[in-house]
Amino acid sequence: MMHPCVFIMFSLLLLRLQDTTANQLVAVGGGGDDNGVTTNKCLDKERDALLQFKAKLQEPDGSPSKWRPEDGDDCCNWRGVRCDSQTGHHVTELDLYANGLVGEISHSLANLSYLNVLDLSSNSFHGTIPTFIGSLTQLTFLRLSDNSFYGTIPPEFGNLTNLQYLYLEDVGRCRVENLEWLSHLSHLMRLFMDGISLAKANRWVDVISSLPKLSYLSLERCELSQVMYPHSSFLNSSSSIEFLHLENNNLNSSMHRWLFPLTNNNLSTLDLSGNMLDGIPKYLGNLCSLITLSFDNNSAVVNFPDFLNNLSGCTLLSLQWLFARRSQFKGSLPDDIQNFSSLLYLDLSGNHINGTISEKLWELPSLEVIDLSQNHLSGAISENIGNSKAVFVDLSKNPLQGVPSTDHMSNLSYVMYLDLNSCKLGPHFPKWIQKLENLTRLDISNTSISDTVPPEFWNMQFDYLNLSSNNITGEVPDLSSNSGFSPAIDLSSNNFYGPIPHLPSNLELLNLSRNKFSGGISFLCQVVNWFFKFLDLSHNSLTGQLPDCLRHFRQLTVLNLGHNSLFGKLPPSIGSLIHLEALYLYQNNFSGELPFSLKNFTSLTSLNLGANKFSGNVPVWIGENLSRLYVLILRSNNFFGTIPSELCQLANLQILDLSRNNLHGSIPSCLNNLTRMAQVGFLPPPNVHPYTSNMYYGLIDEVYVDHAMIGWQGVEREFMRTLGLLTIIDLSSNNLTGHIPHQLTNLHELLALNLSKNALLGEIPQQVGEMKNLLALDLSTNSLSGGIPSTMSQMTLLCYLDVSSNNLSGRIPSSTQLQSFQASSYDGNAGLCGPPLSRKCPGDEEPQVGKNEGDGEDRDEDWGWFYVGGGTGFFTGFWIACGALLVNRRGRHVFFHVYDSFKDWVYVKVVVFIAKLRRIAHM
């Protein structure tokens with residue numbers, strides 16, 4: 001049986017092929033590029049019209065840039081142009097799909113009066129859609145999709161009486177106020193108007209129903225719920241529609257009245273996803289040709305048994321694909337499911353279906369894919385499962401407890417994909433899995449297993465294996481001889497130990513992080529797959545050198561060897577990893593200078609080489625070539641020399657950590673060019689790296705989340721998913737000299753600045769108070785002099801400050817924040833005075849007699865409990881508000897990454913929250 005994804009892609013390809021065949025479309029017109037040189041010669045008038053059209057456009061290299069007089073007079077040979085000798089060599093087709101064109105459509109195209117095909121889609125045309133297009137009455141195919149138009153769709157389109165295909169989806173911010181013009185297009189077969197507002201298009205159903213040949217209608221995101229009079233009360237016409245898409249229109253049950261005229265016994269696909277329906281009308285059960293019904297992301301509660309009952313006509317015999325993900329279904333999975341005898345694909349994931357799984361489900365003779373994940377179903381898999389041909393079973397996030405018997409599972413001989421992540425299978429390893437002879441994808445991550453893996457299990461053949469986030473122990477055997485074993489293996493966060501064995505040579509993803517593996521990593525030389533994408537061996541006890549056999553890893557995007565005991569220089573072959581997006585070597589014993597070949601890593605977004613023994617100058621090519629970096633961590637190495645000014649070219653940089661090296665010289669004043677630290681309005685960087693592999697039944701869809709150890713308020717913390725929210729500069733523990741550049745104060749989005757333990761001198765810049773988002777500032781152990789700038793009283797979010805061990809003098813400015821810090825934050829400055837120091841400034845008055853000295857302490861204690869309560873409430877409220885965000889498939893795969901890193905997010909947010917509370921309390 002054909003895979004659903006293959007079926008959908010094949011259908012879309014067939015539709016495109018039919019469009020092309022019906023209209024004799026060519027992707028490159030005239031034969032100038034691919035079809036040879038034609039003897040036809042276009043008319044001067046039409047040639048000039050094309051040149052005038054081109055003259056008003058901005059364009060990238062290629063496409064109509066070849067339309068030049070010096071290239072020849074015959075425009076029939078130009079790219080995207082086709083002529084027809086039967087019309088006297090007139091231009092009949094203009095296909096400029098996805099050519100990167102920018103500008104307005106020139107009126108000169110009105111001179112191409114013989115056009116049959118006009119495709120200007122997937123460009124950046126703007127302005128209003130020209131009315132003159134309505135004069136091109138020979139058109140049979142018109143596509144203006146994916147542009148940036150605005151205004152109304154011209155009613156002059158009603159003159160295009162020969163039109164068969166009209167594609168207007170996502171044309172921009174456009175609307176239709178009267179759809180009457182559409183009724184003149186009696187030959188129309190396909191109509192796409194997604195994203196166009198029909199809110200004022202009264203009686204649009206009447207118009208659609210009057211089109212005798214219309215077979216495909218897509219009206220997604222058309223504001224249909226706002227139409228006051230969608231149809232006439234006396235409407236009685238039959239529809240020819242076979243594919244009907246009405247997604248994301250906020251429709252409710254009032255649409256039942258006008259949907260009926262659009263349905264017929266030819267309807268094979270109906271998509272009602274993204275609406276507010278509390279059920280479906282019973283007449284949908286009489287659609288004897290309905291094959292696919294989509295009801296995803298419905299926001300009103302629906303009783304699932306009632307939903308099935310309303311399909312209980314001839315539809316239950318024809319329906320093959322039922323998609324109802326995240327649709328607020330409640331109730332049970334009833335025995336009535338057995339009546340849908342043609343069902344191939346059933347996806348009810350992310351609902352509130354409860355009770356036990358009906359035994360009748362497994363009796364469906366054609367069922368191939370079942371996804372019941374993220375519901376409230378309970379009970380073991382049924383005994384009466386022997387007749388099922390299911391090849392995909394996803395029961396994850398259901399409260400299944402206990403181990404099904406071997407007899408139950410042995411009948412599941414067709415199962416190819418089993419997802420039980422976050423079910424409670426443990427503590428013993430589920431040995432019945434070995435009975436699933438055709439199993440190729442297995443996810444039993446986070447299932448409370450505390451056991452060893454049976455030796456026979458490793459003989460199974462997987463495309464994808466995920467045993468992560470359990471407490472599995474033991475050694476992993478040699479898997480290199482198992483040619484069918486998984487190209488994607490995730491054993492992370494367990495207690496596997498011993499050497500890493502030889503693994504399959506076809507690996508694409510390998511995650512063995514956070515275990516107890518030891519020994520070397522020479523096994524990498526046995527992996528010869530050019531499509532190897534992810535390698536994470538971090539947080540183990542690995543030793544030895546990085547082998548020089550990385551040349552065949554050219555597609556690798558993530559390499560994490562952090563938190564091990566690897567040593568030596570980086571091998572020459574590391575320069576072959578030109579597609580790397582993230583390189584983590586943190587906390588090893590690597591040494592030597594950074595290879596010059598790393599300058600070719602132009603896709604790199606995160607470079608973390610901290611806590612090693614690298615030496616030499618900080619390379620200038622980092623700033624010159626690695627323009628996508630948002631994380632640069634070189635801390636705790638042996639780098640020397642000055643900080644290269646070329647680092648200022650890293651406009652995307654958010655985390656710069658050069659601390660604990662031997663750098664000298666001054667701080668580059670150009671650091672204010674680090675745009676993401678200086679300007680607002682930037683989205684967080686892409687700190688998630690997707691891994692997708694198309695296996696037989698569905699995609700393997702995983703993500704890898706950036707993480708790093710960051711010095712934060714004097715403590716080293718690991719940040720993961722929240723890493724992209726941080727903006728930090730840490731240059732501490734070097735030998736930097738000179739003044740603090742006042743340009744640093746232009747970094748208005750900076751959250752933490754650490755310049756401590758250097759030899760800086762001069763005054764703290766007066767403009768420092770402009771850094772109003774700063775949460776942490778450490779200038780301690782320098783030779784700074786002068787006073788603390790009064791502008792620091794404006795830093796109302798500051799929650800960590802250390803200016804100790806300098807030569808500062810004068811009164812500490814009065815503000816909400818500055819007096820709330822401990823006196824130790826100011827120690828070692830003999831000239832400083834005023835609260836919170838006990839040293840009084842000249843002219844200060846004696847404290848009033850009789851003041852209760854315990855008041856301050858009591859108040860601090862009260863506030864401490866308030867902060868704890870506030871943080872706890874914030875944590876709870878966050879999960880209530882955001883729990884619903886975790887019901888999608890991608891959310892399920894990354895949930896535990898999110899869980900691990902959520903505390904970091906809360907930490908940052910609570911710090912800001914408390915800072916604001918302190919400001920209010922002291923007002």
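Hey, could you run me through the overall build of the protein chain in this one?
Secondary structure summary: the protein chain contains eleven helices and 56 strands in total. Counting every position in the protein chain, which comprises 923 residues, the buried fraction comes to 55%. For the protein chain, long-range pairs separated by at least 24 residues make up 57% of all intrachain contacts whose partners lie at least 6 apart in sequence. Just so you have it, the protein chain exposes about 37600 Å², and 50% of that area is on carbon and sulfur atoms.

I keep staring at the environment of L319 and nothing clicks. Help me out?
Looking at where L319 falls in the secondary structure, it is placed in the loop between α6 (315-318) and β17 (321-323). In this structure, the C-alpha to C-alpha distance between L319 and S342, residues 23 residues apart in sequence, is 6.0 Å. Aside from chain neighbours lying at most four places away, what touches L319 is L290, I291, T292, L293, L311, F340, S342 and L343.

Explanation requested: the pairing of strand β43 (residues 662-665) in the structure shown.
Regular strands show a simple pattern: their side chains alternate between the two faces of the sheet. Burial along β43 is one-sided: the face carrying L663 and G665 is buried and the face carrying N662 and H664 is not. One ladder, built from two bridges, connects strand β41 (residues 638-641) with β43; its direction is parallel. Residue G641 lies in a different strand from β43, and its bridge partner there is L663. Here β43 runs beside strand β49 (residues 735-738); their pairing, made up of two bridges, is parallel. In the strand pairing of β49, G665 is matched with L736.

Where do I start with the sheet that holds strand β10 (residues 172-175) in this structure?
Paired through backbone hydrogen bonds, the strands of a sheet run either parallel or antiparallel to each other. Taken in spatial order, the five strands of this open sheet run β1-β4-β6-β8-β10, and their pairing is mixed. Only two strands of the sheet have a single neighbouring strand rather than two, namely β1 (57-58) and β10. Here strand β4 (residues 102-103) runs beside strand β6 (residues 124-128); their pairing, made up of two bridges, is parallel. Bridge assignment links V102 to a residue of β6, and that residue is S124.

Could you clarify how one ought to interpret the side chain of T269 in this entry?
As for its position among the elements, T269 is in strand β14 (residues 269-271). Overall, T269 belongs to the buried group, its relative accessible area being 14%.

Teacher, can you tell me more about the nonpolar core here?
In this structure, F457, W458, L510, L537, L632 and Y826 are the most contacted members of the largest nonpolar core, which totals 112 residues. Those elements giving two or more residues to this core turn out to be α8 (621-625) and α9 (675-678). Leaving out residues up to four positions away in the same chain, F457 has contacts with F429, I433, Q434, L442, F462, L465 and L467. A49, V207, L290 and W362 belong to the second largest nonpolar core, which has 105 residues in total.

Quick question: what am I supposed to make of helix α2 (residues 44-55) here?
The terminal C-alpha atoms of α2 lie 16 Å apart, and with twelve residues this matches the ideal 16 Å at 1.5 Å per residue to within 8%. Those residues of α2 not exposed but buried are E46, R47, A49, L50, L51, F53 and K54. Residues of α2 that are buried in the fold lie against β1, β2 (81-84), β3 (90-95) and β6.

Help me understand the packing of aromatic side chains, please; the structure alone is not making it clear to me.
Each aromatic ring pair is described using two quantities: the centre-to-centre distance and the angle formed by the ring planes. Following the criterion strictly, the structure yields 25 aromatic pairs and no others. When the ring of F192 is compared with that of Y216, the centres are 4.9 Å apart and the planes differ by 20°; the resulting orientation is stacked. Here F192, found in strand β11 (residues 190-192), pairs with Y216, found in strand β12 (residues 216-218); they are 24 residues apart in sequence, far enough to count as distant. Relative accessible area serves as the criterion here: at 13%, F192 is assigned to the buried category.

Help me out: how do you make sense of the confidence of the model for the protein chain in this one?
Mean pLDDT over the protein chain works out to 82, with 79% of the residues at or above the 70 mark. pLDDT under 50 marks residues 382-387. Its contacts with residues more than four places away, or in other chains, come to 15 contacts. Note on residues 402-411: pLDDT is under 50 here. Beyond four places in sequence and across chains, it has 20 contacts.

It is not clear to me how the pattern of salt bridges should be interpreted in this structure. Could you clarify?
For the structure shown, the criterion picks out eleven salt bridges. R325 is paired through a salt bridge with D347; the nearest N and O atoms lie 3.8 Å apart. Of this pair, R325 sits in the loop between β17 and β18 (329-332) while D347 sits in strand β19 (residues 345-347), and the two are 22 residues apart along the sequence. Classification of D347 by relative accessible area gives buried; the value is 0%. Close ionic contact of R551 with D548 constitutes a salt bridge, the shortest N to O distance being 3.9 Å. Judged by relative accessible area, which is 39%, D548 ranks as partly exposed.

The rules we used
Residues numbered from 1 in each chain as written. Predicted model: local features only at pLDDT ≥ 70, side-chain atom pairs only at ≥ 80, totals over all residues. Heavy atoms only, no water. Helix = DSSP H or I, 4+ residues; strand = E, 2+ residues; numbered from the N terminus. Buried < 20%, exposed > 50% of the residue type's maximum accessible area, 1.4 Å probe, protein only. Contact = heavy atoms within 4.5 Å. Areas by Shrake-Rupley, 256 points an atom, 1.4 Å probe, with all protein chains shown as cover. Pairing = 2+ DSSP bridges. Core = buried A, V, L, I, M, F, W, Y, C linked by side-chain atoms within 4.5 Å. Expected span 1.5 Å × (residues − 1). Phe/Tyr/Trp six-rings, centres within 6.5 Å; stacked < 30°, edge-to-face > 60°. pLDDT = per-residue confidence, 0-100. Salt bridge = Lys/Arg side-chain N within 4 Å of Asp/Glu carboxyl O.

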